[in-house]
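Here is how the chains run, residue by residue.
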Amino acid sequence: MQKLAELYRGKAKTVYSTKNSNLLVLEFRNDTSAMDGQRIKQFTHKGIINNKFSYFIMKKLEIEKIPTQIEKLLSDNEVLVKKLDMISVECVIRNRAAGSLVKRLGLKEGLEIKPALFDLFLKNDAMHDPMINESYCIAFGWASKKHIENMQKLSYQVNNILSRLFDNAGFILIDFKLEFGLFKGNIVLGDEFSLDNCRLWDKNNLTKMDKDRFRQNLGNIIESYKEVARRIGVKLD
Ligand code: TMP
């Protein structure tokens, strides 16, 4: 499927139209951003790694009956997806305290959280993705009660599937962010699942294997992404 017009350039991906109005091409670039896009750096191979990693994860989720927008891997850094009407709300699941939760509540990083938390954030870089809740979504028309309940249920299902998958490879899934959209009126998982939008620690030594390596200047981001891909069975070449 040929890319036609560029529709949208995000921080790490570019979205293109195709001749089929129900399908889009997502192109994964090498850009890595932090601080709401104020800090951006290119890492060779990152687009390829994230595209293949995300495709691998989405296929695993589809097998477990999670509806995803994925249609077909097109190339090393491009995937064909269903065109969703995206919901501008980010769904975050937290199994352990890290990131903004640690900052907000002063918790110890790594503290186990049971049951896992479900947080909502408004997708708005200019406002630094503020935390919101269900009643904000309903009051301002960002998502209906039914859609939020559905997204929450799917997020917890994804958490069960992926916590197990990563645990089997020797990792702890600390937290992650999902984005959903509507396709023919149904909630479908969109965007990507990669090490850019989750936190993943090595079970043995609690090494950070995810984008915190960039956010916290820990170095070796690509080596770390490749190591996770290798251990869960993503074929990169
Ligand atoms: P946080 O600690 O910044 O709230 O992030 C929680 C998780 O969600 C972490 O794995 C990073 C991911 N996330 C994104 O990928 N993009 C976002 O815009 C936000 C708010 C979180």
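Residues numbered from 1 in each chain as written. Predicted model: local features only at pLDDT ≥ 70, side-chain atom pairs only at ≥ 80, totals over all residues. Heavy atoms only, no water.

A.B. asks: Outline the overall build of the chain, listing residues and values.
C.D. replies: Looking only at helices and strands, the chain has 6 helices and 13 strands in total. On C-alpha atoms alone, the chain measures out to a radius of gyration of 17 Å, which is about the 18 Å that the 2.2 N^0.38 rule sets for 237 residues. Dimensions along the principal axes, computed over C-alpha positions, put the chain at roughly 50 × 45 × 35 Å. Put simply, 55% of the contacts in the chain that link residues at least 6 apart link residues at least 24 apart. For the chain, the accessible area works out to roughly 11,800 Å², and carbon and sulfur atoms hold 50% of it. (Helix = DSSP H or I, 4+ residues; strand = E, 2+ residues; numbered from the N terminus. Rg over C-alpha atoms; globule rule 2.2 N^0.38 Å. Contact = heavy atoms within 4.5 Å. Areas by Shrake-Rupley, 256 points an atom, 1.4 Å probe, with all protein chains shown as cover.)

A.B. asks: Break down the site of the ligand for me, with residues and values.
C.D. replies: Among the 16 residues in the neighbourhood of the ligand, the closest are listed as Glu90, Arg94, Ser100, Asp129 and Asp175. Here an oxygen atom of the ligand sits 2.8 Å away from a polar atom, N or O, in the side chain of Asp129. When contributions to the shell around the ligand are tallied by element, the ones reaching two or more residues are strand E8 (85-96), helix H2 (99-105), strand E11 (171-183) and strand E13 (198-202). A per-class count over the shell around the ligand returns 5 nonpolar, 3 polar and 8 charged. (Near = heavy atom within 4 Å. Polar contact = N/O pair within 3.5 Å; in protein donor to acceptor, adjacent residues only side chain to side chain. Nonpolar A, V, L, I, M, F, W, Y, C, P; charged D, E, K, R; others polar.)

A.B. asks: Which residues make up the packing of aromatic side chains, and what values do they have?
C.D. replies: Ring pairs (aromatic) are described by centroid distance and by the angle formed between their planes. Under the definition given, this model contains 7 aromatic pairs. Between Phe118 and Tyr156, the aromatic rings sit 6.3 Å apart at their centres with planes inclined by 40°, giving tilted as the arrangement. One end of the pair, Phe118, is in strand E9 (residues 112-122); the other, Tyr156, is in helix H4 (residues 145-168), with 38 residues separating them in the sequence. Look at Phe118 and you get buried, because its relative accessible area is 16%. Residue Tyr156 is classed as partly exposed on the basis of its relative accessible area of 24%. Aromatic pair Tyr136 and Phe140: ring centres 6.4 Å apart, planes at 55°, arrangement tilted. Of this pair, Tyr136 and Phe140 both sit in helix H3 (residues 134-140), 4 residues apart, which is roughly one turn of the helix. Relative accessible area serves as the criterion here: at 40%, Tyr136 is assigned to the partly exposed category. (Phe/Tyr/Trp six-rings, centres within 6.5 Å; stacked < 30°, edge-to-face > 60°. Buried < 20%, exposed > 50% of the residue type's maximum accessible area, 1.4 Å probe, protein only.)

A.B. asks: Describe in detail the pattern of salt bridges, supporting the description with residues and values.
C.D. replies: Under the criterion given, the structure shown has 27 salt bridges. Residues Glu78 and Lys3 are paired through a salt bridge, measuring 2.9 Å at the closest nitrogen-oxygen approach. Pair noted here: Glu78 is in strand E7 (residues 78-82) and Lys3 is in the segment before strand E1 (6-9), with a separation of 75 residues, a long-range link. One salt bridge connects Lys145 with Glu149, and the closest N-O pair in it is separated by 3.5 Å. Taken together, the residues Lys145 and Glu149, both in helix H4 and 4 residues apart, mark about one turn of the helix. On the basis of relative accessible area, Glu149 is assigned to the partly exposed category, the value being 42%. Each of Lys13, Glu90, Lys123, Lys177, Glu179, Asp191 and Glu192 takes part in one network of salt bridges that share partners. (Salt bridge = Lys/Arg side-chain N within 4 Å of Asp/Glu carboxyl O.)

A.B. asks: For the packing of helix H1 (residues 46-63) against helix H6 (residues 221-232), give the residues involved together with the corresponding values.
C.D. replies: Running from N to C, H1 and H6 point in directions that differ by 30°, and their axes come no closer than 11 Å. When the interaxial angle is binned, H1 and H6 end up roughly parallel. Remark: the crossing between H1 and H6 carries left-handed chirality. Seen from H1, the contacting residues are Lys46, Ile49, Asn50, Phe53, Phe56 and Ile57; seen from H6, they are Ile222, Tyr225, Lys226, Val228, Ala229 and Ile232. For the contact of H1 with H6, the per-class residue count stands at 9 nonpolar, 1 polar and 2 charged. (Axes fitted to C-alpha atoms, helices over the stretch in contact; angles between N-to-C directions. Parallel < 35°, antiparallel > 145°, perpendicular 65-115°, else oblique. Left-handed = near helix turned anticlockwise from the far one by under 90°.)

A.B. asks: Explain the nonpolar core residue by residue, including any values.
C.D. replies: Within the largest apolar cluster, 56 residues are counted, with the highest numbers of intra-cluster contacts made by Phe53, Ile57, Leu61, Leu162, Phe166, Phe193 and Ile232. In contact with Leu162, not counting residues within four places along its chain, are Ile57, Leu61, Leu173 and Phe193. (Core = buried A, V, L, I, M, F, W, Y, C linked by side-chain atoms within 4.5 Å.)

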